[in-house]
Amino acid sequence: QVQLVESGGGLVQPGGSPRLSCATSGFIFSDNDMRWFRQAPGKQREFVARITGGGITYYGDSVKGRFTISRDNAKNTVYLQMNSLKPEDTAVHYCNVYLKADYWGQGTPVTVSS
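Residues numbered from 1 in each chain as written. Predicted model: local features only at pLDDT ≥ 70, side-chain atom pairs only at ≥ 80, totals over all residues. Heavy atoms only, no water.

Caption draft 1: Layout of the nonpolar core. Met-34, Trp-36, Val-78 and Leu-80 are the most contacted members of the largest nonpolar core, which has 23 residues in total. Of all the secondary-structure elements, those providing two or more residues to this core are strand E3 (19–25), strand E4 (34–39), strand E5 (46–51), strand E7 (67–72), strand E8 (77–82), strand E9 (91–98) and strand E11 (108–112). Residues in contact with Val-78, not counting those within four places in the same chain, are Leu-20, Ser-21, Cys-22, Phe-29, Met-34, Trp-36, Ile-51, Ile-69, Ser-70, Arg-71 and Cys-95. (Core = buried A, V, L, I, M, F, W, Y, C linked by side-chain atoms within 4.5 Å. Buried < 20%, exposed > 50% of the residue type's maximum accessible area, 1.4 Å probe, protein only. Helix = DSSP H or I, 4+ residues; strand = E, 2+ residues; numbered from the N terminus. Contact = heavy atoms within 4.5 Å.)

Caption draft 2: Inspection of the pairing of strand E1 (residues 3–7) at higher detail. Across the two faces of E1 the burial differs, with Leu-4 and Glu-6 buried and Gln-3, Val-5 and Ser-7 not buried at all. Relative to E3, E1 is paired through five bridges, and the arrangement is antiparallel. Paired with Gln-3 across the bridge in E3 is Ser-25. (Pairing = 2+ DSSP bridges.)

Caption draft 3: Fine view of the state of the cysteines. The full count for this structure, using the stated rule, is one disulfide. Residue Cys-22 pairs covalently with Cys-95 via a disulfide, S to S 2.2 Å. A torsion of -85° about the S-S bond marks the disulfide between Cys-22 and Cys-95 as left-handed. One end of the pair, Cys-22, is in strand E3; the other, Cys-95, is in strand E9, with 73 residues separating them in the sequence. The pair formed by Cys-22 and Cys-95 is uniform in burial state, with each residue classed as buried. (Disulfide = S-S within 2.5 Å.)

Here it is, written out as structure tokens:
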């Protein structure tokens, strides 16, 4: 079955640069677009970034220029490099793939605080 497992979150100081990973299984990774979303406390889930199977990338306005999405098709893994973090980036970050339905990982929390 489809599995998405995020890792790499935690407590980060403002200006920090963590990298999130999402290891996947159960589908043909290289054929599918992958997405990152996030949900801050008390807010709706927000689109962060998308990468197509061919490597074309798209970003939400709030992270454009600071975050970079990438993928390693040999490892069936998608990454989110986060730079210049701000307290407002505090959220649970989720990996997503759409395969006739949305599949989500369990999420990895990122807390930006000094």
